[in-house]
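Understanding the architecture of this molecule
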Amino acid sequence: MVNIGAGSGSYEPVVTVAAVEPSRVMIAQRPPSAAPAVQAIAERLPLRDDCADAALAVLTLHHWSDVAAGVAEMRRVARRRLVLFTWDAQAFASFWLLSEYLPAAAETDAALAVPLALLSELLPGAEIRSVPVPHDCTDGFGAAYWRRPAAYLDPAVRAGMSMLARTNPESLWQGLGRLAEDVRTGRWQDSHGDLLGLDSLDIGYRLVIASS
Ligand SMILES: C[S@@+](CC[C@H](N)C(=O)[O-])C[C@H]1O[C@@H](n2cnc3c(N)ncnc32)[C@H](O)[C@@H]1O
């Protein structure tokens, strides 16, 4: 497998033979045991045709300047399969943090997201699977804390969420102030009792799986 937009390799399966990542800073954070990484972009992969069984891209498509070119490159290098992990901005917009407290972040997110319709167009016949988020998710992506609202009040937690980093700070402060108040008074807990009993939730994360 080749991992495209691999970052520091957080989600890299052991069967990875090569990683492609444009940022030197991310490459430097890869553990010594990780697959060799080459500094390049998805739109121009320095890999030969059919060099791996599969090509993987996890939470990176939204950074690419040309998604169609990147997907075409993934098809070129993968003999059998493409696996993309991304999210559906429409489903994501109904996540309580965005719909009730941070509508400005929903706008940022919608502008950032790659439409699933585009991926279906580029990869006809692709299977799209939802990926529910466990209530105790240890990763720090945007919706990881859907059952732990106080986490969003912690600047260290928010620092790892690109949709918040790119949202107008004034709108963020207003929404977060209301959230802080609702958590403090128990109003959040009262109105989200349905969530407190769930172990996992579909917030819009999607796996797109296609034949090459
Ligand atoms: C949110 S990180 C995800 C990293 C890794 N896939 C993971 O899940 O841990 C997005 C990565 O995409 C990389 N990236 C940005 N533009 C890219 C491009 N045009 N082609 C490939 N990767 C790109 C960034 O440098 C960053 O490491």
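Each chain carries its own residue numbering, running from 1 in the written order of its sequence. With the structure being a predicted model, the display of local features is reserved for residues of pLDDT at least 70 and the display and counting of side-chain atom pairs for 80 or more, all residues being used for whole-chain, interface and lining totals.

We count a stretch as a helix when DSSP gives it H or I for four or more residues in a row; a strand needs E for two or more, and each element gets its number in order from the N terminus. Check the secondary structure of the protein chain and you find eleven helices and nine strands. In summary, the protein chain has a C-alpha radius of gyration of 18 Å against a globular reference of 17 Å for 212 residues, a match within 12%. Summarising its shape, the C-alpha atoms of the protein chain cover approximately 60 × 35 × 30 Å along the three principal directions. The burial tally for the protein chain puts 34% of its 212 residues in the buried class. Radius of gyration: over C-alpha atoms. The globule rule applied is 2.2 Å multiplied by the number of residues raised to the 0.38 power. Every C-beta atom is placed from the backbone, and the number of other C-beta atoms within 10 Å of a residue's own sets its class: buried at 20 or more, exposed at 12 or fewer, partly exposed in between.

Looking now at helix 2 (residues 67–77). Taken residue by residue, helix 2 has Val67, Gly70, Val71, Glu73, Met74 and Val77 as its buried positions. Seen from one end, helix 2 has its buried residues packed into an arc of 155°, which puts them on one side. Note on contacts: residues are paired as contacts if their backbone-placed C-beta atoms lie within 7 Å. Each element contacted by the buried residues of helix 2 is listed here: strand 1 (2–4), strand 4 (52–58), strand 5 (78–87) and helix 6 (116–122). Each direction from the helix axis to a C-beta atom contributes to the arc, which is the arc of those directions.

Across soluble globular proteins, nonpolar side chains show a tendency to be buried alongside one another. By convention the nonpolar core is taken to be a set of buried residues drawn from Ala, Val, Leu, Ile, Met, Phe, Trp, Tyr and Cys and joined through C-beta atoms within 7 Å. Counting 56 residues, the largest nonpolar core has Ile4, Ala55, Ala57, Met74, Val77 and Leu82 as the members making the most contacts within it. Broken down by element, this core gets its largest block of residues, five residues, from strand 4. Domain ranges listed in this record stem from an automatic or a database domain assignment. In terms of domain composition, this core takes at least three residues from each of domain 1 (1–87) and domain 2 (89–112 + 132–202). Non-local contacts of Leu82, meaning those with residues more than four positions away in its chain, are made with Ala54, Ala55, Met74, Arg75, Leu123, Ala210 and Ser212.

Note on definitions: a residue is near a molecule or strand provided its C-beta atom, placed from the backbone, lies within 6 Å of it. Contacts to the ligand come from 18 residues, most closely from Gly5, Gly7, Ala42, Thr60 and His63. For the shell around the ligand, the residue count by class is ten nonpolar, six polar and two charged. When residue character is reported, Ala, Val, Leu, Ile, Met, Phe, Trp, Tyr, Cys and Pro are called nonpolar, Asp, Glu, Lys and Arg charged, and the others, Gly included, polar.

A few words on the pairing of strand 9 (residues 205–211). If a strand is regular, its side chains alternate between the two faces of the sheet. Pairing of strand 5 with strand 9 involves seven bridges; the strand directions are antiparallel. Within the sheet, the bridge partner assigned to Phe85 lies in strand 9 and is Leu207. Pairing of strand 6 (residues 127–130) with strand 9 involves four bridges; the strand directions are antiparallel. Across the sheet, Glu127 pairs through a bridge with Ile209, a residue of strand 9. Two strands qualify as a pair provided DSSP detects at least 2 bridges between them.

Below, the discussion takes up the domain arrangement of the protein chain. The domain boundaries assigned to the protein chain delineate domain 1 (1–87) and domain 2 (89–112 + 132–202). A C-alpha centroid distance of 29 Å is found between domain 1 and domain 2.

Read from one edge of the open sheet, seven strands run 3-2-1-4-5-9-6, paired in mixed fashion. A single partner strand is all that each edge strand has here, and the edge strands are strand 3 (37–38) and strand 6. Contacts between helix 2 and the sheet are confined to strand 1, strand 4 and strand 5, with strand 5 contributing the most and set at about 145° to the helix. Inter-axis angles, ranging from 0 to 180 degrees, are taken between N-to-C directions of lines fitted to C-alpha atoms, where helices are fitted over the stretch in contact.

Moving on to helix 5 (residues 103–112). Since the α-helix turns once every 3.6 residues, residues separated by three or four places project in the same direction. Every buried residue belonging to helix 5 is among Ala104, Ala105, Ala106, Thr108 and Asp109, and all of these are buried. On its buried face, helix 5 sits against helix 3 (89–92), helix 4 (96–101), helix 8 (162–165) and helix 9 (169–185).

This part takes up the environment of Arg184. Relative to the helices and strands, Arg184 resides in helix 9. Separated by 34 residues in sequence, Arg184 and Ala150 place their C-alpha atoms 9.1 Å apart.

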